[in-house]
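Spelled out from the first residue to the last, the chains are:
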Amino acid sequence: MARPTPGGSRTSSPGSSGRSIGAAVSIRGVSKWFPTGRSHLHALDEIDMEIGPGEFVSLIGPSGCGKSTLLRVVGGLLPYEIGTVTVDGTSPAQARDTKQIGFAPQTPSLLGWRTVRRNVTLLAEVNRRGALHPPLSEAETLELLETVGLGDFLDRLPKELSGGMQQRVSLVRCFALGAPVLLMDEPFSALDEITRNEMRYLLLDLWERTGNTVIFVTHSIPEAVILSDRVLVMATKPGRIVHSETIQLPRPRSAEMEDDDRYLSHMRSVRRALGEVSAR
Amino acid sequence: MTAQTLGPNAAGVAKEPPPERPQRARRSAMVVAPVVGLAVVFAIWELYVRVFDISRLTLPTPSSILVHLVDEPGFYWRHAQVTLREAAMGYGIALGAALLVATFMAHSRFVERASMPVIVLLQSTPVAVLAPVFLIWFGFTHWPKVLVAAVFCYIPFTINEFTGLRSVDPNAYELLRSVSAGKVEIFAKLRFPQSLPYLFSAGRLCVGLSLVGAVIGEMFGGSTEGLGNTARVGQTRLLIDQLWGSILVLALIGVIGNLLLAAVESRVLRWHSSQDLPGGPTAAR
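Residues numbered from 1 in each chain as written. Chains lettered and ligands numbered in written order. Predicted model: local features only at pLDDT ≥ 70, side-chain atom pairs only at ≥ 80, totals over all residues.

### Quick look at the overall build of chain A
Next, step 1: A count of helices and strands for chain A gives nine helices and nine strands.
Next, step 2: The C-alpha atoms of chain A give 18 Å as radius of gyration, which agrees with the globular expectation for 280 residues (19 Å, within 12%).
Next, step 3: Its C-alpha atoms put chain A at 50 × 45 × 35 Å along the principal axes.
Next, step 4: Taking the contacts inside chain A whose residues are at least 6 apart along the sequence as the reference set, 73% of them involve residues at least 24 apart. (Helix = DSSP H or I, 4+ residues; strand = E, 2+ residues; numbered from the N terminus. Rg over C-alpha atoms; globule rule 2.2 N^0.38 Å. Contact = placed C-beta atoms within 7 Å.)

### Things to note about the overall build of chain B
Next, step 1: Each helix and strand counted, chain B has 10 helices and zero strands in total.
Next, step 2: Along the chain direction, N to C, the helices and strands of chain B fall in the order α-α-α-α-α-α-α-α-α-α.
Next, step 3: Expressed as a percentage of the 285 residues in chain B, the buried residues total 32%.
Next, step 4: Here the contacts in chain B between residues at least 6 apart in sequence split such that 73% fall between residues at least 24 apart. (Buried ≥ 20, exposed ≤ 12 C-beta atoms within 10 Å, placed from the backbone.)

### Let's talk about the nonpolar core
Next, step 1: Counting 82 residues, the largest nonpolar core has A:Val74, A:Val172, A:Leu183, A:Ile215 and A:Val270 as its most contacted members.
Next, step 2: Here this core gets seven residues from one element, more than from any other, and that element is helix α6 (residues 163-176) of chain A.
Next, step 3: Among residues more than four places away in sequence, those in contact with A:Val270 are A:Ile60, A:Ile221, A:Ala224, A:Val225, A:Val231, A:Val233 and A:Glu245.
Next, step 4: Core analysis: the next-biggest nonpolar cluster, separate from the first, contains 48 residues, B:Ala150, B:Tyr154, B:Val215 and B:Phe220 among them. (Core = buried A, V, L, I, M, F, W, Y, C linked by C-beta atoms within 7 Å.)

### Concerning the environment of A:Leu77
Next, step 1: If you trace the backbone, A:Leu77 turns up in the loop between α1 (67-74) and β4 (82-87).
Next, step 2: Its 20 C-beta neighbours within 10 Å are what place A:Leu77 among the buried residues.
Next, step 3: Placed 144 residues apart in sequence, A:Leu77 and A:Ile221 show a C-alpha to C-alpha distance of 26 Å.
Next, step 4: Apart from the residues within four sequence positions on either side, A:Leu77 is in contact with A:Arg72, B:Glu174, B:Arg177 and B:Ser178.

### What to know about the sheet that holds β4(A)
All names here are of chain A.
Next, step 1: A sheet is described by the order of its strands in space; here three strands give the open sequence β2-β1-β4, paired in antiparallel fashion. Only two strands of the sheet have a single partner each, and these edge strands are β2 (39-51) and β4. Strand after strand, the sheet turns through a mean of 30 degrees between neighbouring axes, direction not considered.
Next, step 2: Two strands pair when backbone bridges link them, and strand β1 (residues 25-36) and β4 are joined in this way by five bridges, in the antiparallel orientation. Directly across from isoleucine 27, in β4, lies its bridge partner valine 85.
Next, step 3: Strand contacts of α1: β1, β2 and β4, with the helix running at about 115 degrees to β1, the strand carrying the most contacts. (Pairing = 2+ DSSP bridges. Axes fitted to C-alpha atoms, helices over the stretch in contact; angles between N-to-C directions.)

### Notes on the confidence of the model for chain B
Residue and element names in this part refer to chain B.
Next, step 1: With 89% of its residues at a pLDDT of at least 70, chain B reaches an overall mean of 87.
Next, step 2: Averaged over each element, pLDDT in chain B is lowest for helix α1 (residues 23-51) (85) and highest for helix α3 (residues 73-107) (96).
Next, step 3: Overall fold confidence for the complex sits at a pTM of 0.82, while the interface term, ipTM, reaches 0.87. (pLDDT = per-residue confidence, 0-100.)

### Concerning helix α9 (residues 227-236) of chain B
Residue and element names in this part refer to chain B.
Next, step 1: For α9, every residue scored as buried is listed here: Leu227, Gly228, Asn229, Thr230 and Ala231.
Next, step 2: Here the buried face of α9 lies against α3, α8 (183-220) and α10 (240-268).
Next, step 3: Of the residues flanking the end of α9, it is leucine 238, one or two places downstream, whose phi is positive at about 55 degrees.

### Overview of the interface of chain A and chain B
Next, step 1: Facing the 27 residues of chain A at the interface are 24 residues of chain B.
Next, step 2: For the side of chain A that touches chain B, the secondary structure elements donating two or more residues are α2 (92-97), β5 (101-104) and α4 (122-125) of chain A.
Next, step 3: Residues of the side of chain A that touches chain B, tallied by class, amount to 14 nonpolar, seven polar and six charged. (Nonpolar A, V, L, I, M, F, W, Y, C, P; charged D, E, K, R; others polar.)

### Here we look at the pairing of β1(A)
Residues and elements named next belong to chain A.
Next, step 1: Pairing of β1 with β2 involves nine bridges; the strand directions are antiparallel. Residue pairing across strands places valine 25 opposite isoleucine 51, the latter belonging to β2.
Next, step 2: The antiparallel pairing of β1 with β2 creates a hairpin that spans two residues between the two strands, and glycine 37 there sits at a positive phi of about 65 degrees.

### Remarks on the pairing of β5(A)
Residues and elements named next belong to chain A.
Next, step 1: Residues Ile101 and Phe103 of β5 are buried on one face, and the alternating residues Gly102 and Ala104, pointing to the opposite face, are buried as well.
Next, step 2: Relative to strand β6 (residues 181-185), β5 runs parallel, the two being bridged by four bridges. When the sheet's bridge partners are listed, phenylalanine 103 is paired in β6 with leucine 183.

### Quick notes on the packing of α3(B) against helix α6 (residues 143-166) of chain B
How two helices sit against one another is set out by the angle between their axes and by the gap between those axes.
Residue and element names in this part refer to chain B.
Next, step 1: Orientation of α3 relative to α6, taken along the N-to-C sense of each, is 35 degrees, at an axis distance of 6 Å. The way α3 lies across α6 gives a crossing that is right-handed.
Next, step 2: Its residues assigned to classes, the contact of α3 with α6 shows 22 nonpolar, three polar and four charged. (Left-handed = near helix turned anticlockwise from the far one by under 90°.)

### A closer look at the packing of α3(B) against α10(B)
Residue and element names in this part refer to chain B.
Next, step 1: At their nearest, the axes of α3 and α10 sit 11 Å apart, and the two run at 50 degrees to each other. Classified by the interaxial angle, the pair formed by α3 and α10 is oblique. Seen from above, α3 lies across α10 with right-handed handedness. Contact residues: α3 offers Tyr76, Ala80 and Leu84, while α10 offers Gly245, Val249 and Ile253. (Parallel < 35°, antiparallel > 145°, perpendicular 65-115°, else oblique.)

This is the structure we're talking about:
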């Protein structure tokens, strides 16, 4: 499943199929307004963004800057008024209908009555006819569950798992769909710092095995820098991209890199950009 | 240098977790609890009648009613079967109709708005007065009783199931929408399973209501059999043992029905927090 990326070479997983499933996402001049009573809230203003196949891009910015809105526009979950969005050359709605987009919401949103094993296959079970790409096989899905340390919890119900374990199931569910593009909306925001740090590297491990294009929304600068090939800083009122930081750290990434001068330099740069956004 | 007072663990002695009551013992206690509750009520009742020397016509002792029931098991079994059949049919019809209507209501604001006045109208109508109407429509068959039982159960089933179907987790809903899951798929995978706690809640309430409906139907719907009829006859002919025997058998049926449903519920809703013992689930944290 491994393939080259803008960030450098990846390791391949044992037993991986070697497929490369990332797809390009193009956002050109996208603007969006939300009706608020008699007026309109300008949520996104002329967003331009090109994301290459297999690229990991993080969106970071203050609350209300439109990160999640942009994610939902790309995912075909929200309409937009002006501009063009394409996912692997098709509209977001078509991409959604053909299951080219995997979504990881803020909360794990596991179905309480389904075991871990059945939760991760949920998205593959619906809209089967529409799927352009096959979901991961049972063996591949089990391999991912093993990777995130849930091999012994396959038949457990969500209520028997901790918050961190539930979020791991949510991540595997997202990857198991086999979609080329994954949209992640602050998936670690509800976790404690230790679990959150652990989850970053689990996510990297999964991503390095599957090679998806990822758009990741976060409020955490360390998270954005260590995970991404590129970090986009957004400003609010209206939501727009004000800074793009290309991360020069090699792949695969590891916790040791958090002491690397380049990592610290990227951190400072993103923090400065966010500071300028907040000062406005 | 001041000496520091150290606890027993300061020397590195492993701290033992407090002894916990075994899971089986806790479950057994949960089963025994309702029996204890009933026994206490019956004991107070028995004592009250004996101590205050209450007339048998006003309130017989539970022990005398039990003796009467043991003497006439066939009589009560025959009439209980009739009432049970009417209540069960009414329960089933109400459940089926409620599932259908609540599903349409949950998927369409128009259907919801159109249905609400009818539901409020039914809710505000004293259902007992419908028994003679059903008697005129269906004659001396079991249908007037079945329908009264169904009308009694229909409202709680519909309101609860509708609430359950609408109370869908918005994140899970968005997740399914993100892969263009169809309405039927969202219903089968998300809405219906998530509504089950609401449905079971109504189901337990309706066990008693269906019996009430069947008995009222028998009392007002022209009946010569069933426990509603035996109670009515007992009251008019001052057959106090028969009156109280009918009441007790009806209560027993209600309790057994509730226990059976609770057993099914604990299996089907194993995943739901309502089925956790105090202290919560055993999480792998």
